[in-house]
Amino acid sequence: MDWLNSILQGVLVGGLYTMFAAGLSLIFGVMRLVNIAHGDLVVMAAYLALVVTQALGMSPLASLLVIAPLMAVIGYGLQRWLLNRTLGDDLLPPLLVTFGLSVIIQNGLLEVFSPDSRKLQAGAIETATIPLTPDLSIGVLPLVQFLVAVAMIGSLQALFYRTAWGRAFRATSDDQSTVQLVGVDNRHVFGLAMGLSLAVVSVAGVFLAVRANFDPSMGPARLIFGFEAVIIGGLGNLWGTLAGGVVLGVAQAIGAKIDPGWQLLAGHLAFLIVLAVRPEGFFPKVQA
Amino acid sequence: MSGAFTVTHGTRVSRIVALASFAALAALACAPLWAQASSLNLLTQIFAYVALATMWNLLAGFSGLVSVGQQAYVGVGGYALFALTIFGGLHPLVALVVAGVIGGLIAIPVAGLLFRLRGAYFAIGSWVVAEVFRLLASQITTLGGGSGTSLPARIVTSMADGRQAREFMIYWTGLALVVVVLGLTILLLRSRWGLALRSIHQNELAARSNGVEVTRIKLLVYVVAGFGTAMAGALIFLQKLRISPDAAFSVNDWTAFVIFMAVIGGIGRIEGPIMGAIIFFVLRQALSDLGSVYLMMLGLVAIVIMLRAPRGVAGWIADRFGFEPVPLERRLTRSKPSNESKPESAHV
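Residues numbered from 1 in each chain as written. Chains lettered and ligands numbered in written order. Predicted model: local features only at pLDDT ≥ 70, side-chain atom pairs only at ≥ 80, totals over all residues.

Colleague: An account of the overall build of chain B is requested, with residue identities and associated values reported.
Modeller: Scanning chain B from terminus to terminus reveals 16 helices and five strands. Over its C-alpha atoms chain B spans a radius of gyration of 21 Å, differing by no more than 12% from the 20 Å that the globule rule assigns to 348 residues. Taken over the C-alpha atoms alone, chain B extends approximately 75 × 50 × 40 Å along its principal axes. Residues classed as buried in chain B amount to 42% of the 348 residues present. Counting contacts in chain B only where the partners sit at least 6 residues apart, residues at least 24 apart contribute 76% of the total. (Helix = DSSP H or I, 4+ residues; strand = E, 2+ residues; numbered from the N terminus. Rg over C-alpha atoms; globule rule 2.2 N^0.38 Å. Buried ≥ 20, exposed ≤ 12 C-beta atoms within 10 Å, placed from the backbone. Contact = placed C-beta atoms within 7 Å.)

Colleague: Pulling in residues and values, what's your account of the overall build of chain A?
Modeller: A tally of helices and strands in chain A yields eleven helices and two strands. Counting helices and strands in the order they occur from the N terminus, chain A gives α-α-α-α-β-β-α-α-α-α-α-α-α. Here chain A has a C-alpha radius of gyration of 19 Å; the compact-globule value for 288 residues is 19 Å, and the two agree. Its C-alpha atoms give chain A principal-axis dimensions of roughly 65 × 50 × 35 Å. The proportion of buried residues among the 288 residues of chain A is 52%.

Colleague: Summarise the interface of chain B and chain A; cite the residues concerned and give the values.
Modeller: Opposite the 35 residues of chain B that make contact, chain A presents 33 residues. Put simply, the parts of the chain that give the side of chain B that touches chain A at least two residues each are α6 (119–137), α13 (251–265) and α15 (292–308) of chain B. The element contributing the most residues to the side of chain B that touches chain A is α15 of chain B, with eleven residues. When its residues are assigned to classes, the side of chain B that touches chain A shows 27 nonpolar, five polar and three charged. (Nonpolar A, V, L, I, M, F, W, Y, C, P; charged D, E, K, R; others polar.)

Colleague: So what's going on with the environment of Ala212 of chain A? Residues and values would help.
Modeller: Tracing the sequence through the fold places Ala212 of chain A in the loop between α8 (186–211) and α9 (219–233). Between the C-alpha atom of Ala212 of chain A and that of Lys119 of chain A, which follows or precedes it by 93 residues, the distance is 6.2 Å.

Colleague: Which residues make up the packing of helix α2 (residues 38–56) of chain A against helix α3 (residues 60–81) of chain A, and what are the values?
Modeller: All names here are of chain A. Taken N-terminus to C-terminus, the directions of α2 and α3 make an angle of 120°; their axes are 9 Å apart at the nearest point. As summarised for this structure, α2 and α3 are arranged oblique, according to the angle between their axes. Between α2 and α3 lies a crossing whose hand is right-handed. For the pair α2 and α3, the contacting residues are Ala45, Leu48, Ala49, Val52 and Thr53 in the first and Pro60, Ser63, Val66, Ile67, Leu70 and Met71 in the second. In the contact of α2 with α3, the residues fall into nine nonpolar, two polar and no charged. (Axes fitted to C-alpha atoms, helices over the stretch in contact; angles between N-to-C directions. Parallel < 35°, antiparallel > 145°, perpendicular 65-115°, else oblique. Left-handed = near helix turned anticlockwise from the far one by under 90°.)

Colleague: Give me the lowdown on the nonpolar core, citing residues and values where you can.
Modeller: Grouped together as the largest cluster of nonpolar side chains are 198 residues, with contacts concentrated most on Ala45, Ala46 and Ala193 of chain A together with Ala234 of chain B. Counting residues per element, this core draws most heavily on α8 of chain A, which supplies 17 residues. The contacts of Ala193 of chain A, once residues within four sequence positions are left out, are Leu26, Ile27, Val30, Met31 and Phe169 of chain A. (Core = buried A, V, L, I, M, F, W, Y, C linked by C-beta atoms within 7 Å.)

Colleague: Tell me what's going on with the environment of Gly14 of chain A, and back it up with residues and numbers.
Modeller: Residue and element names in this part refer to chain A. By the secondary structure assignment, Gly14 is in helix α1 (residues 2–31). Placed 128 residues apart in sequence, Gly14 and Pro142 show a C-alpha to C-alpha distance of 9.6 Å. Residues in contact with Gly14, not counting those within four places in the same chain, are Gly245, Val246, Leu248, Gly249 and Val250.

Colleague: Report on the packing of α1 of chain A against helix α10 (residues 238–258) of chain A, specifying residues and quantitative values.
Modeller: All names here are of chain A. The contact between α1 and α10 brings their axes to 6 Å, and the two run at 140°. The pairing of α1 with α10 is recorded here as oblique in orientation. Between α1 and α10 lies a crossing whose hand is right-handed. Its residues placed into classes, the contact of α1 with α10 shows 14 nonpolar, twelve polar and one charged.

Colleague: Before we move on, could you go through the environment of Val203 of chain A and cite the residues and values that matter?
Modeller: Residues and elements named next belong to chain A. You can see Val203 is positioned in helix α8. The class of Val203 is buried, set by 24 C-beta atoms lying within 10 Å. Excluding anything up to four places from it in sequence, Val203 contacts Met19, Leu64, Ala68, Val148 and Met152.

Colleague: Help me get a handle on helix α6 (residues 164–174) of chain A, residues and values and all.
Modeller: Residue and element names in this part refer to chain A. Those residues of α6 not exposed but buried are Ala168, Phe169 and Thr172. Here the buried residues of α6 occupy an arc of 100° about the axis, which is enough to place them on one side. In the core, the buried residues of α6 are packed alongside α1, α5 (140–162), α7 (176–181) and α8. (Arc of directions from axis to C-beta.)

Colleague: Could you give an account of helix α14 (residues 271–287) of chain B, with specific residues and numbers?
Modeller: Three or four residues apart is the spacing at which side chains of an α-helix point the same way, because the helix has 3.6 residues per turn. Residue and element names in this part refer to chain B. For α14, with 17 residues, the first-to-last C-alpha span of 24 Å sits near the 24 Å given by 1.5 Å per residue. All of the buried residues along α14 are Glu271, Gly272, Pro273, Ile274, Met275, Gly276, Ala277 and Phe280. On the buried face of α14, the contacting elements are α3 (37–63), α13 and α16 (312–321). (Expected span 1.5 Å × (residues − 1).)

Colleague: I'd love a proper account of the confidence of the model for chain B, names of residues and values included.
Modeller: Residues and elements named next belong to chain B. Within chain B, residue pLDDT values average 90, and 95% of them lie at 70 or more. Element-level mean pLDDT values for chain B span from 52 in strand β5 (residues 345–347) up to 97 in helix α4 (residues 71–86). As a predicted assembly, this complex carries a pTM of 0.90 together with an ipTM value of 0.89. (pLDDT = per-residue confidence, 0-100.)

Shown next, in the form of structure tokens:
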């Protein structure tokens, strides 16, 4: 029962990793951009949530009404004024510019908020549990987190395959030059994709902040978790990313059960094993 | 018209630069005679960073392998040095070379995994490998686990008689490391593999269809970088005398700074990382009191250079003044010039 409990917790944590991964997967899908600052943007959203909840007295989830649009605007601006200039055949500019951005965000947060770890209080929901059997219960918050992740993937999937925006995203992803011939401004589409990515990031940031302590140096590890979920699930497949997040969460939970020092290592090893035996991930869709 | 052709690299400028480099090398080798201990210490740090940046440049600038995980090899080198001297009883300088070999050997299976990832995903994958190494290092209880360990006094004193002799020895080791790493890189890039790398850089598909063994050459480069980076790591921790997983596998110290140096100095040029390292250390001496603001400025400078002058300072100098201190391209020169014309040459 102990084991079952660990695995269940791992599955639910996988929801959080899916949220880290979804934004990363989205922009890679649309413009083949890998944003090294992605994890730092998650942490930045967590700090924004801290500021908003304290300043406006909102609950963490309600603060998303402010943070998500704000992050979306930041994302659109970042893409239009900075990242669009780096796109092209050369791999180095986008990687190194987002790497520079990561350093700036991390140290900016350090400067403003100090290295002390913080946490967002969500009230009674934090400790509420649903008993399943006498020995097994699940926390309400992790469950909400997982359900939000599923809903997020479902909405992104619907947006990609059922809306005009989604058509523009997919068309731009398929062929950047042809899409311009039919009147789509790819710079604008890229801006929208990054805006959407950072709206997703803001949800991830709020759940990160509610779940446990956070500090400015946490970004890179969130990037790595998201990246591992994307690769395990298979590039370009959103439901695959959810599966990847769950695999990563469960691997970490099993590792932690064996020895607390093995939690992160077990997640990384699961990723490396998938890379060794099934490098295209479980549910691949596009070639990187 | 008949006549034998020879392939050359050197130009008049490059020969003058080479002579000047030997003079500078001689001056640096005599530095213990004229410099203070603190300057020697600083110079050794610069040497280690020039080596790291040159190795990163070999990967990213010449081979399209953009890594943000080279701290993996710095840490492996450092830990290998500690393990080989403490448990193996090797002399630190022997251990330093063996640490490099270990770094190169570890690079082979790592490449087997990472080469499955392309482009930017290779970069993050390399970071995961570094994290795995860091977590594994913190499981080595005999080397202090997560909190690390110091190099025992008996090993420190076995290096040379007296503190000053030790400092000189570490300094000369650093200088030798730079010479080895730069020499190895220049030789590699001027060899037929270097020509192959150039062709891969210009058009990988065309290179492949002309019989260039792309994967093998990238593997060779990755292994050489693992070797050089691990030796630099061994030197760094021989100088620090203390190692811990967080210090040994730090992404900031061993990759972020190194990338800044390469970007500012000029990616894809031999002299770029050298210039970048010097600029970086001058900035650091002047601004490091600013702490995290200094790091933000570095990030900003790197972004601006990447957007405005992606070839860095060395590239700007080359474009503006046509100054090519270390030409890597091959020139075909008629070895016996005929009577009626000047020697013709073509760039390849």
